[in-house]
Amino acid sequence: MQIYLDNAATTKMSKTAIAAMLPYLDVVYGNPSSLHSAGQAAAEALADARARIAACIGAAPNEIYFTSGGSEADNQAILSAAKNGARKGKKHVVSTSIEHHAVLHTLKKLQKEGFEVTLVPVGENGIVNVNDVKNALREDTCLVTVMYANNEIGTIQPVREIGALCREKGIPFHTDAVQAVGHLPVHVQADNIDALSLSAHKFHGPKGVGVLYARKGFLLSNLIEGGAQERGKRAGTENIPAIVGCAAALEEACSHMAENAKKLSALRDKLIDGLAQIPHSVLNGDREHRLPGNVNFCFEGIEGESLLLLLDDKGICASSGSACTSGSLDPSHVLLAIGRVHDIAHGSLRLSLSEENTEAEIEYTIQAVKEVVEYLRGISPVWRDLLNGKREFIIK
Ligand SMILES: *Cc1c(COP(=O)(O)O)cnc(C)c1O
């Protein structure tokens, strides 16, 4: 038995997406840049996928650029805006303290090149305040980049309001919407977004394909030079099977979004209520403004890695937070940003659900986490100190 609760790291491909891809792995293998009929069949699939993806997010087809995933889209959006800004003497970027590393590390690179970066802090609920973003803006701000929804604690950011603010000031606005697209009703027009990153493998599409949406007027510079693919902005023969799979998965996710969200949030709430019964535990991130499938807890006196290993023994695939930080001993920057101290941040557990999860799985998981937490606390010297008063509880 395996219960997969790590859908924020990646998802299982949908049957629809696999079926849509198969012909392009097999019979339709032409290069879309070729003028012959085999190439043109691939070119048609590419144009069709582009139009369908654009329609799902309220964009025009010629504002869609295919990339290798969310990370590449984040890099290209941020570096492009920085380059455009530098040309006008504007070298200041505004972002938040809870972004994905694809954004944070790109911003670090810019800092080394002489840019100034303001990371606006978030509240204890894991949501950035629009006024704080407003106060961070300067005459020389060339980009605001704020994620749509956080990958660790699931908090949904006030993107539409931040977008409106940026539009009023004439500052380009990018959002890493990798966790949101396919799960929340993201609409680039209504949400005032100039550039957006999405990734297929987060909504039951294939890995290694993503999209950079860039509104007309948001000038892109290349990360990869070569042929004239993607209107000269991203060289390399297009990954047609993956692109077709991305379109099929996104259409499917968007057409079932409301019912999926309803089912997921019911499972999520059941899981939250169950885990909240564990003494000295705390939910990370706002309870209301969170992704339908995200649960993230800290348990006092627990070491996250041991928790994950023991849950794996019970057939549960979970995460301590970001897949990118696992393997390093640093606690999550997101948990630190919402005010969790190091010891507590080390005892985190992220469970991210999909439509395929069942109520029985959630019940089993609640029981399993309770047992594992109790077991680990039973053998923990820290827990003994907490119980006999040598140490004070941080989570009451
Ligand atoms: C997964 C993820 C990414 C990276 O996307 P890839 O397609 O894996 O490169 C970026 N941002 C967020 C918020 C993510 O969850």
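Residues numbered from 1 in each chain as written. Predicted model: local features only at pLDDT ≥ 70, side-chain atom pairs only at ≥ 80, totals over all residues. Heavy atoms only, no water.

A. Spatial organisation of the domain arrangement of the protein. If you check the domain split of the protein, you get domain 1 (15–255) and domain 2 (257–387). Counting from both sides, the interface comprises 29 residues of domain 1 and, opposite them, 26 residues of domain 2. Across the domain 1 to domain 2 interface the summed buried area is about 2,200 Å²; carbon plus sulfur atoms make up 58%. Of all residues in domain 1, the largest losses of buried area upon contact with domain 2 belong to His101, Glu152 and Ile153, amounting jointly to 32% of the total for that side. For the pair domain 1 and domain 2, the interface holds 0 salt bridges. At the boundary of domain 1 and domain 2, one finds 12 residue pairs in polar contact (both at pLDDT 80 or more). Where the side of domain 1 that touches domain 2 is concerned, the elements lending two or more residues are α4 (101–112) and α7 (240–255). Counting residues per element, the side of domain 1 that touches domain 2 draws most heavily on α7, at 3 residues. (Domains from an automatic or database assignment. Contact = heavy atoms within 4.5 Å. Buried area = accessible area lost by both parts, 1.4 Å probe. Salt bridge = Lys/Arg side-chain N within 4 Å of Asp/Glu carboxyl O. Polar contact = N/O pair within 3.5 Å; in protein donor to acceptor, adjacent residues only side chain to side chain. Helix = DSSP H or I, 4+ residues; strand = E, 2+ residues; numbered from the N terminus.)

B. Focus on the side chain of Ser199. Relative to the assigned elements, Ser199 resides in strand β7 (residues 195–199). When near neighbours in sequence (up to four residues on either side) are disregarded, Ser199 contacts Gly69, Gly70, Val178, Val209 and Gly210.

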